[in-house]
Structures are given as structure tokens and as C-alpha cells.
Amino acid sequence: MLFIFKKDVVILKPVIGVMPLWDETKKSIWMLPEYLGGIIQAGGVPMIFPLSDHEEELKILSDMCDGFLFTGGQDVSPEIYNEKPLGKSVSCCRIRDRMEKIILKEALKNDKPLLGICRGIQLINAELGGTLYQDIPTQHPSSTEHHQKAPYDVPVHMVNIVKDSPLYSVLKTECLPVNSYHHQAVKAVAPDLEVMAISEDGLTEALYRPKSRFLWAVQWHPEFSYKKDVNSRRIFKAFVDAAL
């Protein structure tokens, strides 16, 4: 937690650890500024993690953070949910899988807030015992657009929000237009998780863990739309406030 002093007023800002993106071609980590911007506008201070599966180093970094953002990126390794890769459409970053498993364990152990976006919902679900559709067009074909083209802040399909869920309590709506950019999705929901939203073609679009202070995950991308969409800002705000 950061304490900022302004004119005799103390402002508390939670530090949010952000999982890095990996560029396989350049062999380099990178970051979409929208992830950081979503945290900053909600009152948090983002800190990008290095790409590492060194457990002791990650524990030190985790102790410095009040919450964690699991970002989008490569596919989650099917081995996590005891399957073989479906084909060449599945592209993984196994060091990131191992890294996020460690961070997830730390977040759960210390009950620190965690928000998963896109790959984030998939990784959390798989690590907690659920399964994934490895390739939506092959395994769950439909007319719903799940892999849109730019601009990415434009909604392309609707999700139905479960009325007694935490997401509904924040957004106060049962139908939400969302953007969408993914080819994998939650299949069987992990035992510890509950569904918060479902797409118009029946895919799980948001999950939460009732046992946690705050563990939410969404399949869509509020980071791309938070500048113009109040509901995207509300999701980031609920997350950052939980880390205070």
C-alpha cells in the first residue's frame, strides 16, 4: 500500500501486480497500457512483474502487492487440465503458466484480491480444477463473434449477468454488451468458482470465488473500453477498492 501525502491529507493507493505479456518473436515482455490505465483511473498503482517462475522471487514481489491483475495473452497449457493440445491453433507460454500458478497460490493463501481478464479467467479456472475449450470455432461453433477485429473497444455480443452475483451487485444490469477477443473459453467450471455471466451462445463469460475476499474473472476486455464505458470502469473500481 502506498501512502501519498497531499496538503495534510493521506491518500491510500493499493499496489496491483500486473502479469506481463510475452512476445515470443522478440523474446521480450511487453504491456498494453490500457491494463495499467484501468488500474490507475480506479485509484491503484500498477506494477508490472518480470516473467519468471522463480518461486522465492515471486513471493517477495507478491508480498509487495495488495492485489493482482491476470492479463490476456497466450493460451493456457492443456496439460494443466489433463488434455493434449488440440492442434497448431493452441499456442502456449509455459513459464507464464507456472508463474501465474505461483501468484494464484499466493493470492489465495493471503486472500488478496485478484482480477482475471481473458486468458486470466481461463488460467484461474484451469488451475482450480476446471477445463477449457481449446478452440471455440472447432469445439463450440456459433454465430456469436468471439474474436473481433479492431477497434477493440466496440461491443460485439451480449452477456447475461446472473442476478444474485457480485457482478450484478456492482453493475445493476442483467444484460451487458461486451467486446470479445479470444479463441479459448471456460468449459467445465472449477468446483470453487461460480458463474457470474453467460454469453448469448452459452459460454461462461465471468466467474468469481465465493470463498475469496475478491476473486473475479471476465472473458471480455474492460481495459480496452474503460475510457468510454462506465461498466468497465466499475469493474476496475470494484477490484482496486477491494485491495484497499
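Read on for a plain summary of the structure. (Residues numbered from 1 in each chain as written. Predicted model: local features only at pLDDT ≥ 70, side-chain atom pairs only at ≥ 80, totals over all residues. Heavy atoms only, no water.)

### What to know about the overall build of the protein chain
Basically, it comes down to this: Every helix listed is a DSSP run of H or I at least four residues long, and every strand listed is a run of E at least two residues long, numbered separately from the N terminus. Burial classification: accessible surface area is computed with a 1.4 Å probe over protein chains only, and a residue below 20% of its type maximum counts as buried, one above 50% as exposed, and the rest as partly exposed. Only heavy atoms matter for contacts: two residues are in contact if any of them lie within 4.5 Å across the pair.
From N to C terminus, the protein chain includes eight helices and 15 strands. With the principal axes as the frame, the protein chain shows a C-alpha extent of 60 × 40 × 35 Å. Out of the 244 residues belonging to the protein chain, those deemed buried represent 52%. Here the analysis covers contacts within the protein chain between residues at least 6 apart in sequence; of these, 66% occur between residues at least 24 apart.

### Structural notes on the packing of helix α1 (residues 33–41) against helix α8 (residues 230–242)
What counts is decided by this rule: Interaxial angle, 0 to 180 degrees, is taken between N-to-C directions of lines fitted to C-alpha atoms, where a helix line uses only the stretch in contact. An angle below 35 degrees is treated as roughly parallel, one above 145 as roughly antiparallel, one from 65 to 115 as roughly perpendicular, and anything else as oblique. Left-handed describes a crossing whose near helix is turned anticlockwise from the far helix through less than a right angle; right-handed describes the clockwise counterpart. Under the grouping applied here, Gly and all other residues not named as nonpolar or charged are polar, the nonpolar ones being Ala, Val, Leu, Ile, Met, Phe, Trp, Tyr, Cys and Pro and the charged ones Asp, Glu, Lys and Arg.
Between α1 and α8, whose axes approach to 8 Å, the crossing angle comes to 65°. By the angle class used here, α1 and α8 are roughly perpendicular. Seen along the crossing, α1 lies across α8 with a hand that is right-handed. Judged by residue contacts, Tyr 35, Gly 38, Ile 39 and Gln 41 of α1 engage Arg 233, Phe 236 and Val 240 from α8. When its residues are assigned to classes, the contact of α1 with α8 shows four nonpolar, two polar and one charged.

### What about the packing of aromatic side chains?
Just so we agree on the cut-off: Note on aromatic pairs: the rings of Phe, Tyr and Trp (six-membered ring only in Trp) are paired at centre separations within 6.5 Å, and the planes decide the class, stacked below 30 degrees, edge-to-face beyond 60, tilted for the rest.
Tallying each qualifying case throughout the model produces six aromatic pairs. Ring centres 5.9 Å apart and planes at 35° place the aromatic pair Phe 214 and Phe 239 in the tilted group. Residue Phe 214 is found in the loop between β14 (204–208) and β15 (215–218), and its partner Phe 239 is found in helix α8; the two are separated by 25 residues along the sequence. Taken individually, Phe 214 and Phe 239 each receive the classification buried, so the pair is uniform in this respect. For the pair Tyr 226 and Phe 236, a centre-to-centre distance of 6.2 Å together with 70° between the ring planes defines the contact as edge-to-face. Remark: Phe 236 occurs in helix α8 and Tyr 226 occurs in the loop between α7 (222–225) and α8; sequence separation between them is 10 residues. Accessibility classification places Tyr 226 together with Phe 236 in one group, the buried group.

### Here's the deal with the pairing of strand β13 (residues 194–199)
Defined as follows: Only strands that DSSP links by at least two bridges are regarded as paired with each other.
Pairing analysis gives three bridges linking strand β10 (residues 157–161) to β13, with the strands arranged antiparallel. The partner of Asn 160 across the bridge, within β13, is Ile 198. Of the strand pairs in this sheet, β13 and β14 are connected by four bridges, and their pairing is antiparallel. By the bridge assignment, Ala 197 is partnered in β14 with Ala 206. Linking β13 to β14, which pair antiparallel, is a turn of four residues; within it Gly 202 sits at a positive phi near 90°.

### A word on the packing of helix α2 (residues 55–63) against helix α3 (residues 94–110)
Two numbers describe how α2 lies on α3: the axes approach to 10 Å, and their chain directions differ by 45°. By the criterion of interaxial angle, the relationship of α2 to α3 is oblique. Of the two possible hands of crossing, α2 and α3 adopt the one that is right-handed. On α3, the residues touching Glu 55, Leu 58, Lys 59 and Ser 62 of α2 are Met 99, Ile 102, Ile 103, Lys 105 and Glu 106. The residue inventory of the contact of α2 with α3, partitioned by class, reads four nonpolar, one polar and four charged.

### Comments concerning the environment of Gln 219
Which entries qualify depends on this criterion: Pairs of N or O atoms are called polar contacts if they sit within 3.5 Å, as long as, within protein, a hydrogen donor faces a hydrogen acceptor (for residues adjacent in sequence, only side-chain-to-side-chain pairs).
Following the sequence through the fold, Gln 219 ends up in the loop between β15 and α7. Judged by relative accessible area, Gln 219 falls into the buried class, the value being 1%. In contact with Gln 219, other than residues within four places in its own chain, are Cys 118, Ile 121, Gln 122, His 182, Gln 184, Ala 185, Thr 204 and Glu 205. Here the side chain of Gln 219 touches Gln 122 through a polar contact of 3.2 Å, side chain to side chain.

### So, the nonpolar core
Filter applied, for reference: What is meant by a nonpolar core is a set of buried Ala, Val, Leu, Ile, Met, Phe, Trp, Tyr and Cys residues, joined one to another through side-chain atoms within 4.5 Å.
Leu 69, Leu 115, Ile 117, Leu 167, Trp 216 and Trp 220 are the most contacted members of the largest nonpolar core, which has 36 residues in total. With six residues, α8 is the single largest residue contributor to this core. The contact partners of Leu 115, leaving out residues within four places of it in the chain, are Phe 68, Leu 69, Phe 70, Trp 216, Ile 235, Phe 236 and Phe 239. Formed by 28 residues, the second largest nonpolar core is a distinct cluster that contains Met 19, Val 76, Ile 103 and Val 186.

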